[in-house]
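# Geometric and topological summary
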Amino acid sequence: MKEAFVLKKPLNHVAFIMDGNGRWANLRGLPRHLGHKEACKRLIEIYDLCREFNIKYASFYAFSTENWNRPQDEIDHLMDYLEDFFHREIDYVMETNGRIVISGDLARIREQTRLVCLDAIERTKNNDGFIFNVCLNYGGRDEIVRATKKIAEEFKEGKISLSDITEESFKKYLWQPIMPDIDLMIRTSGEQRLSNYLLYENAYAEFVFTDVKWPDFRRKAFIDCLKEYQNRNRRYGGLKNE
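Residues numbered from 1 in each chain as written. Predicted model: local features only at pLDDT ≥ 70, side-chain atom pairs only at ≥ 80, totals over all residues. Heavy atoms only, no water.

### So, the packing of helix H3 (residues 72-95) against helix H4 (residues 111-124)
- As a packed pair, H3 and H4 sit with axes 10 Å apart at the nearest point and diverge in direction by 15°. When the interaxial angle is binned, H3 and H4 end up roughly parallel. In the crossing of H3 with H4, the sense of the turn from one axis to the other is left-handed. Contacts between H3 and H4 involve Met 79, Leu 82, Glu 83, Phe 86, His 87, Ile 90, Asp 91, Val 93 and Met 94 from the former and Gln 112, Thr 113, Val 116, Cys 117, Ala 120, Arg 123 and Thr 124 from the latter.
- Among the residues forming the contact of H3 with H4, the class breakdown is 9 nonpolar, 4 polar and 3 charged. (Axes fitted to C-alpha atoms, helices over the stretch in contact; angles between N-to-C directions. Helix = DSSP H or I, 4+ residues; strand = E, 2+ residues; numbered from the N terminus. Parallel < 35°, antiparallel > 145°, perpendicular 65-115°, else oblique. Left-handed = near helix turned anticlockwise from the far one by under 90°. Contact = heavy atoms within 4.5 Å. Nonpolar A, V, L, I, M, F, W, Y, C, P; charged D, E, K, R; others polar.)

This is the structure in structure tokens:
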């Protein structure tokens, strides 16, 4: 029976580090890449849960700038499964007024995967019901350095002054300025680190770490994380207000 749950605390943006795919496969005597295949099936389930709980923005750490150090066949399989996900789910995303955006440098991604991603972005660009941010070839430090270079170029060209550079204005130079600061960051599979993920956007996020591996991260596991978040007292540097 589906657990009833009402999220009573505002939650606008949830971010996921989808960890444990390879370990999930190894425990079942399967090749690591089949863990990634199963992991992609969870994406649309989480998409629907976010819609159910009125969470408008979600970010998913699909592939980091450091993941290029993995074996090439694992990388190829991961890209295959990402393409399959978009081909399989893009019509549903359109029907439900979802929008796909990408954070990260697509220039290094193989051409066929890049084209599938660009097609998903283009098809959904006018939707505004739910924003689905895929972090692909993404690194948090890289994003900040990239943003800083853009600001330096605009300053050099006289387009902005030093007084124009604020925490708020800095955000427009990030990969996806439409994404608000993260409220809840969830990492699966028991690891407790940020791994260069959305460093600027996670400044005041609540972190929840779960031992559940991402391929097993379903409704109950997500609700458990939401309950943990709901019990947190978010003070933003101030005094206790609850």
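On we go from here.
### Some details on the nonpolar core
- Val 14, Phe 16, Leu 136 and Phe 222 are the most contacted members of the largest nonpolar core, which totals 49 residues.
- Per element, the largest residue contribution to this core is 8 residues, and it comes from H3.
- Excluding anything up to four places from it in sequence, Phe 16 contacts Ile 46, Ala 58, Ser 59, Phe 60, Tyr 61, Ile 186, Tyr 197, Trp 214, Phe 217 and Phe 222.
- Residues Ile 17, Tyr 138, Trp 175 and Leu 198 belong to the second largest nonpolar core, which totals 11 residues. (Core = buried A, V, L, I, M, F, W, Y, C linked by side-chain atoms within 4.5 Å. Buried < 20%, exposed > 50% of the residue type's maximum accessible area, 1.4 Å probe, protein only.)

### What to know about a nonpolar patch on the surface
- Together, Phe 155, Leu 162 and Ile 165 make up a nonpolar patch on the protein surface, roughly 290 Å² of accessible area in all.
- When you line up the elements, Leu 162 lands in the loop between helix H5 (140-156) and helix H6 (167-170). (Patch = residues over 30% accessible without salt bridge, like charges linked within 9 Å, V, L, I, M, F, W, Y side chains within 5 Å. Areas by Shrake-Rupley, 256 points an atom, 1.4 Å probe, with all protein chains shown as cover. Salt bridge = Lys/Arg side-chain N within 4 Å of Asp/Glu carboxyl O.)

### Some remarks on the pattern of salt bridges
- Enumeration over the complete set of coordinates arrives at 25 salt bridges.
- The partner of Glu 38 in a salt bridge is Arg 218, with the nearest N and O atoms 3.9 Å apart. With Glu 38 in helix H2 (residues 32-52) and Arg 218 in the loop between strand E6 (206-209) and helix H7 (219-230), this residue pair connects regions lying 180 residues apart in the sequence.
- Classification of Glu 38 as buried rests on a relative accessible area of 16%.

### Here we look at the pairing of strand E2 (residues 57-64)
- Taking burial as the measure, the 8 residues of E2 include 7 buried ones, the bulk of the element.
- Bridge count for strand E1 (residues 13-17) against E2 is 4 bridges, and the pairing is parallel. Of the residues in E2, the one forming a bridge with His 13 is Tyr 57.
- Two strands pair when backbone bridges link them, and E2 and strand E4 (residues 130-138) are joined in this way by 7 bridges, in the parallel orientation. The partner of Tyr 57 across the bridge, within E4, is Ile 131. (Pairing = 2+ DSSP bridges.)

### Things to note about the environment of Ser 59
- Its place among the elements puts Ser 59 in strand E2.
- Take Ser 59: its relative accessible area is 0%, and that puts it in the buried class.
- Linking Ser 59 and Met 185, residues 126 residues apart in sequence, is a C-alpha distance of 9.2 Å.
- Ignoring any residue separated from it by four or fewer positions in sequence, one finds Ser 59 in contact with His 13, Val 14, Ala 15, Phe 16, Asn 133, Cys 135, Met 179, Tyr 197 and Leu 198.

### Things to note about H4
- The end-to-end C-alpha distance of H4 is 20 Å, a good match for the 20 Å that 14 residues give at a rise of 1.5 Å each.
- Along H4, the residues that are buried comprise Thr 113, Val 116, Cys 117, Ala 120 and Thr 124. Taken around the axis of H4, the buried residues stretch over an arc of 95°, which confines them to a single face.
- Where H4 is buried, its residues contact H3, strand E3 (98-103) and E4. (Expected span 1.5 Å × (residues − 1). Arc of directions from axis to C-beta.)

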